[in-house]
Amino acid sequence: MHFETLVNGRGPLRHDPFKALVVPRPIGWISSLSREGLVNLAPYSAFNMVGYDPNIVMFASAGRKDSLINIEATGEFVCNLATYDLREAVVKTSVPVNPGVDEMQLAGLTAAPSLHVKAPRVAESPAALECQYLQTIPVPTLDGSEPQHFMVLGRVVAVYLDDAILTDGKVDIAKLKPLTRLGYLDYGVLEHCFSMPRPKATPDGTGID
């Protein structure tokens, strides 16, 4: 079957399969401060790295939510790692409460000072990326109407790591257990990884050696 994304209606499917196929997605658990110094924490499933050297991350906001407003006002934010052990807290911080409500307190979490930015990190999270805000990119609409989605770019200026998640100087995925977003109301947990050496091209560049 084909699912027509540009046609109204779902046909034989009750739900759009798009988010169930772009998986697994890392969760950007974004902490920020308002101009007045109020803490905000929210999870974003449209989150990823977009470059390195320098290290750049992005998350996308559906609408101009508190995170976006805070980041544009203060120029900084923190990406806290969402893990399986923190899954209940992550979901609690997705509740659309009023501006000024501290989601860290709401979820029973602790704010810890960051190294290079004023926005706090989640103390219970074993890893965090401190970011300087770079740019907001409105996502174009198909009909030319006012954009409703916004991509936020940030440069990672510091990384926090709990020593307990390291093995031989490397991040140990089995210890970390990152929480991932799937489709519908589903989540996954990453506990296993494997390595594969990169193949090399033949000397003449026409094939794989």
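Along each chain, the written sequence defines residue order, and numbers are assigned to residues from 1. Residue-level local features of this predicted model are given only where pLDDT is at least 70; pairs of side-chain atoms are given and counted only at 80 or more, and the full residue set underlies all totals for whole chains, interfaces and linings. Computation of side-chain values: all heavy atoms of the structure, hydrogens and water removed.

This brings us to the overall build of the protein chain. In terms of helices and strands, the protein chain carries five helices and 14 strands. Per-residue burial for the protein chain yields a buried fraction of 36% across its 209 residues. We call two residues in contact when some of their heavy atoms are within 4.5 Å. Sequence separation of 24 or more characterises 57% of the internal contacts of the protein chain that already satisfy a separation of 6 or more. A total accessible area of about 13300 Å² is found for the protein chain, and carbon and sulfur atoms account for 56% of it. Positive: Lys, Arg. Negative: Asp, Glu. His and the chain ends are not part of the count. A charged residue contributes its charge at one atom only: NZ of Lys, CZ of Arg, CG of Asp or CD of Glu. Between the averaged position of the 18 positive side-chain charges in the protein chain and that of its 23 negative side-chain charges there is a distance of 2 Å. In DSSP terms, a helix is any run of H or I states spanning at least four residues, a strand is any run of E spanning at least two, and both are numbered starting from the N terminus. Only protein chains enter the area calculation, which uses a 1.4 Å probe; residues under 20% of their type maximum are buried, those over 50% are exposed, and those in between are partly exposed. Each accessible area value is a Shrake-Rupley result obtained with a 1.4 Å probe; residue values ignore everything except the protein chains displayed when judging cover.

Before going further, it helps to spend a moment on the environment of Asp186. Mapping Asp186 onto the fold places it in the loop between β13 (179-181) and β14 (187-189). With relative accessibility at 40%, the residue Asp186 sits in the partly exposed group. Taking the C-alpha atoms as reference points, Asp186 and Ala20, separated by 166 residues in sequence, lie 8.7 Å from one another.

Bringing helix α2 (residues 66-74) into the picture now. All buried positions along α2 are accounted for by Ser67, Leu68, Asn70 and Ile71. Down the axis of α2, the sector holding all buried residues measures 165°, keeping them to one side. Contacts made by the buried residues of α2 are with β2 (28-33), β3 (39-44), β5 (56-62), β6 (76-81), β9 (127-138) and β10 (149-161). Trailing α2 by a residue or two, Gly75 shows a phi angle of about 80°, which is positive. For this quantity, the arc is that covered by the directions from the helix axis to the C-beta atoms.

The subject of this paragraph is unusual backbone geometry. Backbone torsion omega between Val23 and Pro24 reads -10°, so that peptide bond is classified as cis. When you line up the elements, Pro24 lands in the loop between α1 (18-21) and β1 (25-26). Non-glycine residue Asp168 carries a positive phi angle of around 55°. As for its placement among the helices and strands, Asp168 is situated in the loop between β11 (166-167) and β12 (170-171). The backbone of Tyr184 sits at a positive phi, close to 60°, despite the residue not being glycine. Of note, Tyr184 is situated in the loop between β13 and β14.

For the rest of this paragraph, the subject is the environment of Ser125. Following the sequence through the fold, Ser125 ends up in the loop between β8 (121-122) and β9. Distance in space between the C-alpha atoms of Ser125 and Lys170 is 17 Å, their sequence separation being 45 residues. Sequence-distant contacts of Ser125, defined by excluding residues within four places in its chain, comprise Asn80, Leu81, Leu86 and Tyr160. A polar side-chain atom of Ser125 sits 2.8 Å from the main-chain carbonyl oxygen of Leu81. In the analysis that follows, any N or O atom pair within 3.5 Å is treated as a polar contact, provided that within protein one partner can donate a hydrogen and the other can accept it, and provided that, for residues neighboring in sequence, both atoms belong to side chains.

Turning our attention to the pattern of salt bridges. The salt bridge definition used is simple: a Lys or Arg side-chain nitrogen within 4 Å of an Asp or Glu carboxyl oxygen. Under the definition given, this model contains two salt bridges. Between Glu72 and Arg64 there is a salt bridge, and its shortest N-O distance comes to 2.3 Å. A residue is classified by how much of its surface remains accessible, and Glu72, at 29% relative accessible area, is partly exposed. Under the relative-accessibility criterion, Arg64 is labelled partly exposed at 43%. Across the pair Asp85 and Lys177 runs a salt bridge whose closest N-O atoms are separated by 3.2 Å. Within this pair, whereas Asp85 is found in the loop between β6 and α3 (87-92), its partner Lys177 is found in the loop between α5 (173-176) and β13, the two being separated by 92 residues in sequence.

Bringing the side chain of Asn70 into the picture now. Tracing the backbone through its elements, the reader meets Asn70 in helix α2. Among the residues examined, Asn70 registers a relative accessible area of 8% and is labelled buried.

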